[in-house]
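Single-letter residue listing:
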Amino acid sequence: MTVALMWEARAVDGKGPELLEWAYAQAEVLATAPLRREILRAPQDRVLVITWWDAPYEAELPELPEPDGELITRAVHRWRFESVERG
């Protein structure tokens, strides 16, 4: 089964590039390498990191931590999804 972890944060005004660089650095040093990872950005200095894993839905998987409080405007949002095959 493939599990996707999504991590999304919103930077303090003007700190979007700094949050993006922070996310790139953190994604590179996860305890285990995912099958795939993608880092995206959106208006309002939001950064989204998606990692894909070959693991059961409830598996313990390495996740990006919370950035320093002075870098973000709110707590990080996290979601977990599993792949679905149409039967």
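Our subject is the structure listed above.
The present account deals with the structure reproduced in this document. Quick caveat, the model's predicted, so the values are computed rather than measured. Throughout this document, residue positions are counted from 1 along each chain, in the order its sequence is written. The predicted nature of this model means local features are confined to residues of pLDDT at least 70 and side-chain atom pairs, given and counted, to a pLDDT of 80 or more, with totals for whole chains, interfaces and linings taken over all residues. Note: side-chain values were computed over all heavy atoms of the structure, leaving out hydrogens and water.

**Here we look at the overall build of the protein chain**
Counting secondary structure elements, the protein chain contains 1 helix and 4 strands. The order of helices and strands in the protein chain, counted from the N terminus, is β-α-β-β-β. Dimensions of the protein chain, computed from the C-alpha atoms along their principal axes, are close to 45 × 25 × 20 Å. A burial count over the protein chain gives 36% of its 87 residues as buried. Note on definitions: a residue-residue contact is assigned when non-hydrogen atoms from the two residues lie within 4.5 Å. Taking as baseline every contact in the protein chain between residues at least 6 positions apart, the subset at least 24 positions apart corresponds to 66%. In this text, helices come from DSSP runs of H or I with a minimum length of four residues, and strands from runs of E with a minimum of two, each type numbered from the N-terminal end. Think of it in three bands: with a 1.4 Å probe and only protein chains considered, a residue is buried below 20% of the maximum accessible area for its type, exposed above 50%, and partly exposed in between.

**Here we look at helix H1 (residues 16-28)**
Given a rise of 1.5 Å per residue, 13 residues ought to cover 18 Å, and the 19 Å separating the end C-alpha atoms of H1 matches this to within 8%. Looking at H1, one finds that the buried residues are Gly 16, Leu 19, Leu 20, Trp 22, Ala 23 and Ala 27. Looking down the long axis of H1, one finds its buried residues gathered within 160° of arc, a one-sided arrangement. Opposite the packed face of H1, turned more than 90 degrees from it, sit the exposed residues Pro 17, Glu 21 and Glu 28. If you follow the buried residues of H1, they end up packed against strand E1 (2-10), strand E2 (36-42) and strand E3 (46-54). A helix's residues, less one, multiplied by 1.5 Å, set its expected span. The arc refers to the directions leading from the helix axis to the C-beta atoms.

**With respect to the sheet that holds E1**
By definition, two strands form a pair when at least two bridges between them are found by DSSP. Pairing is antiparallel across the open sheet formed by 4 strands, whose spatial order is E2-E3-E1-E4. Each edge of the sheet is formed by a strand with only one pairing partner; in this case those strands are E2 and strand E4 (77-82). Adjacent strand axes in the sheet meet at a mean angle of 15°, parallel and antiparallel pairs treated alike. Sheet topology places E2 next to E3; 7 bridges connect them, and they run antiparallel. Within E3, the position partnered with Arg 37 by the bridge is Thr 51. Axis geometry follows a simple rule: fit a line to the C-alpha atoms, using only the stretch in contact for helices, then measure angles between N-to-C directions, giving values from 0 to 180 degrees.

**A few points about the pattern of salt bridges**
We define a salt bridge as a contact between a side-chain nitrogen of Lys or Arg and a carboxyl oxygen of Asp or Glu at a distance within 4 Å. In total, this model carries 6 salt bridges according to the counting rule given. For the salt bridge of Arg 74 with Glu 8, the shortest nitrogen-to-oxygen distance reads 2.7 Å. One end of the pair, Arg 74, is in the loop between E3 and E4; the other, Glu 8, is in strand E1, with 66 residues separating them in the sequence. Accessibility expressed as a relative area gives 26% for Arg 74, which makes it partly exposed. Salt-bridge contacts for Arg 78 lead to Glu 66; the nearest nitrogen and oxygen are separated by 3.9 Å. Residue Arg 78 is located in strand E4, and its partner Glu 66 is located in the loop between E3 and E4; the two are separated by 12 residues in the primary sequence.

**Thoughts on the packing of aromatic side chains**
Note on ring pairs: Phe, Tyr and Trp rings are taken, using the six-membered ring of Trp, and paired if centres are within 6.5 Å. Classes follow the plane angle, with under 30 degrees stacked, over 60 edge-to-face and the rest tilted. Applying the stated criterion across every chain, the model contains 1 aromatic pair. With centroids separated by 5.7 Å and ring planes inclined at 25°, the aromatic side chains of Trp 7 and Trp 22 adopt a geometry described as stacked. Taken together, the residues Trp 7 in strand E1 and Trp 22 in helix H1 connect sequence positions 15 residues apart. Pair check on accessibility: Trp 7 and Trp 22 agree, each one buried. The cationic tip of Arg 36 hangs over the ring face of Trp 52; the distance from NZ or CZ to the ring centre is 4.1 Å. Think of it as a cone above the ring: NZ of Lys or CZ of Arg counts as a charge over the ring if it is within 6 Å of the ring centre and within 35 degrees of the ring normal.

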